[in-house]
Amino acid sequence: MIVSLTDFEKRLCNRLQRGLPLVSQPFAQIAADLASSEAEVLEQARQLKASGVLRRICAVLNQRALGMASTLVAAHVPDEQVSTVTAAVNALPGVSHNYLRNHRFNLWFTLQAESPEQLRLSLVELQVRFDIEFHSLPVTRVFKLDVRFDAESDDDVLLRDVERVPETEPVALRDEQKQLLTGLRDGLAIVARPFDAVRPASMAELEMFALLAELIEAGVIRRIAGVLNHHKLGFTANVMFAAQVDSAHVVEAGRQLAHSGTVSHCYERQVFEGWPYNLFAMMHGRTMAQIQHTIDRFTEAHPVRSFELLPTLAELKKQPVHHSFA
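Residues numbered from 1 in each chain as written. Predicted model: local features only at pLDDT ≥ 70, side-chain atom pairs only at ≥ 80, totals over all residues. Heavy atoms only, no water.

Draft legend 1. Seen up close, the overall build of the chain. In terms of regular secondary structure, the chain is built from ten helices and eleven strands. Relative to a compact globule of 326 residues, whose C-alpha radius of gyration would be 20 Å, the chain shows 20 Å and is just as compact. Principal-axis analysis of the C-alpha atoms gives the chain an extent of 55 × 45 × 40 Å. Within the chain, buried positions represent 51% of all 326 residues. Within the chain, contacts between residues separated by at least 24 positions form 76% of all contacts whose residues are at least 6 apart in sequence. For the chain, the exposed area adds up to about 15200 Å²; of that, 49% sits on carbon and sulfur atoms. Taking the 33 positively charged and 39 negatively charged side chains of the chain as two groups, their mean positions are separated by 1 Å. (Helix = DSSP H or I, 4+ residues; strand = E, 2+ residues; numbered from the N terminus. Rg over C-alpha atoms; globule rule 2.2 N^0.38 Å. Buried < 20%, exposed > 50% of the residue type's maximum accessible area, 1.4 Å probe, protein only. Contact = heavy atoms within 4.5 Å. Areas by Shrake-Rupley, 256 points an atom, 1.4 Å probe, with all protein chains shown as cover. Lys, Arg positive; Asp, Glu negative; His and termini not counted. Charge placed at Lys NZ, Arg CZ, Asp CG, Glu CD.)

Draft legend 2. How the structure looks around the state of the cysteines. One pass over the full model with this rule turns up zero disulfides. Note on Cys 58: no disulfide assigned, nearest cysteine sulfur contributed by Cys 13 at a separation of 15 Å. By relative accessible area, Cys 58 is classed as buried at 10%. (Disulfide = S-S within 2.5 Å.)

Draft legend 3. Main features of the sheet that holds strand β4 (residues 107–113). With respect to topology, nine strands assemble into an open sheet ordered β5-β2-β4-β3-β11-β8-β10-β9-β6, the strand pairing being antiparallel. Unpaired on one side and paired on the other, β5 (134–137) and β6 (139–145) mark the two borders of the sheet. Here the strands of the sheet are splayed against their neighbours by 30° on average, with no regard to which way each runs. Inspection of the sheet shows strand β8 (residues 237–245) paired to strand β11 (residues 304–318) by seven bridges, in the antiparallel sense. Paired with Ala 242 across the strands is Glu 308, a residue of β11. On the sheet, helix α4 (residues 82–90) packs against β3 (95–101), β4, β5 and β11 and is oriented at approximately 160° with respect to β3. Against the sheet, helix α5 (residues 116–130) makes contact with β2 (69–75), β4 and β5, and its axis sits at roughly 140° relative to β4, the strand it touches most. (Pairing = 2+ DSSP bridges. Axes fitted to C-alpha atoms, helices over the stretch in contact; angles between N-to-C directions.)

Draft legend 4. Expanded view of the packing of aromatic side chains. Using the criterion set out here, one finds twelve aromatic pairs in the structure. For the pair Phe 149 and Phe 235, a centre-to-centre distance of 5.1 Å together with 55° between the ring planes defines the contact as tilted. Residue Phe 149 is found in the loop between β6 and α6 (175–184), and its partner Phe 235 is found in the loop between α8 (230–233) and β8; the two are separated by 86 residues along the sequence. Taking 5.5 Å as the distance between ring centres and 40° as the angle between the ring planes, the aromatic pair formed by Phe 241 and Phe 307 counts as tilted. (Phe/Tyr/Trp six-rings, centres within 6.5 Å; stacked < 30°, edge-to-face > 60°.)

Draft legend 5. Quick peek at the layout of surface pockets. Empty space within the second largest pocket amounts to approximately 430 Å³. If you trace the second largest pocket, you find 21 residues lining it, with Met 68, Ala 113, Glu 114, His 323 and Ser 324 closest to the centre. Looking at the lining of the second largest pocket, the elements that each hand over two or more residues are β4 and α5. (1 Å grid on protein atoms, 1.4 Å probe; cavity = no way out; pocket = protein on both sides within 12 Å on 5 of 7 lines; lining within 4 Å. Points joined across faces, edges and corners; volume = space filled by probe spheres on them.)

Draft legend 6. The arrangement of the packing of helix α1 (residues 7–18) against helix α2 (residues 26–33) in detail. Their axes nearest at 11 Å, the elements α1 and α2 cross at an angle of 130°. When the axes of α1 and α2 are compared, the pair comes out oblique. Viewed along their axes, α1 and α2 form a crossing whose handedness is right-handed. Contacts between α1 and α2 involve Leu 12, Arg 15 and Leu 16 from the former and Phe 27, Ile 30 and Asp 33 from the latter. (Parallel < 35°, antiparallel > 145°, perpendicular 65-115°, else oblique. Left-handed = near helix turned anticlockwise from the far one by under 90°.)

This is the structure:
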């Protein structure tokens, strides 16, 4: 259900998505940015959380910088097995997103593990258990990885001030950094001093903020920010777009597609037999017409051999993976 928001709530949604400032009372600084009071920002943020518009305030992590392997998995699951296979997939600790899509390959989920071999073994176990082939499509190049929805605009576009593409090299973490990351796993409470619950008792506040800034600069933490439920904002149209683009043109095509106002994620991925589509994009909009307009412009401007559209039928799982930093 779409939630009707006041102008102030829309501005607050956009501001929370940009990230919390690394200060003792971040909501007070956000209030100053919005010409409001800390009490009002806290109250409105809590209401956004209660209505489901604000999913959580958390550290958005870069699993590649954490040394994690990840992949997108596709499978053709017969209708009579969807329920049991979904339960098994969702029980895997490395699964953050799982969707039922309108396609022969109807089950699509993301999987993380400590190594590519662990990813492979997890998929082999699923295949043996259900006699279903699970196809891995790991990323070969990232063009865009940012989910921010413009609550203020009436246009069918996402926020355009996207972050840099995260680094892919693992970062060696010190013990005190691991302590902070562990404290951040469950997100931040909407209180005046949310970082107090994260800071180890033996760590000074200034040291904590310096360490958080280091983790952000190193690309381990992409930002500490609000994560919104885009459906409740009115972004109810969405589709996964998969295109077959020659390797000589895929970089140019991917970069252009990533700048489209409806695209939140854009990757080049490995292919498998029977699936020649190497360029992927997640597209969102308030209307399917705007998404189709993006697709039409892109396919006219670039040498796309063929493409598939995979609309979401059901969101089966959507929650962050809890990493271990021991």
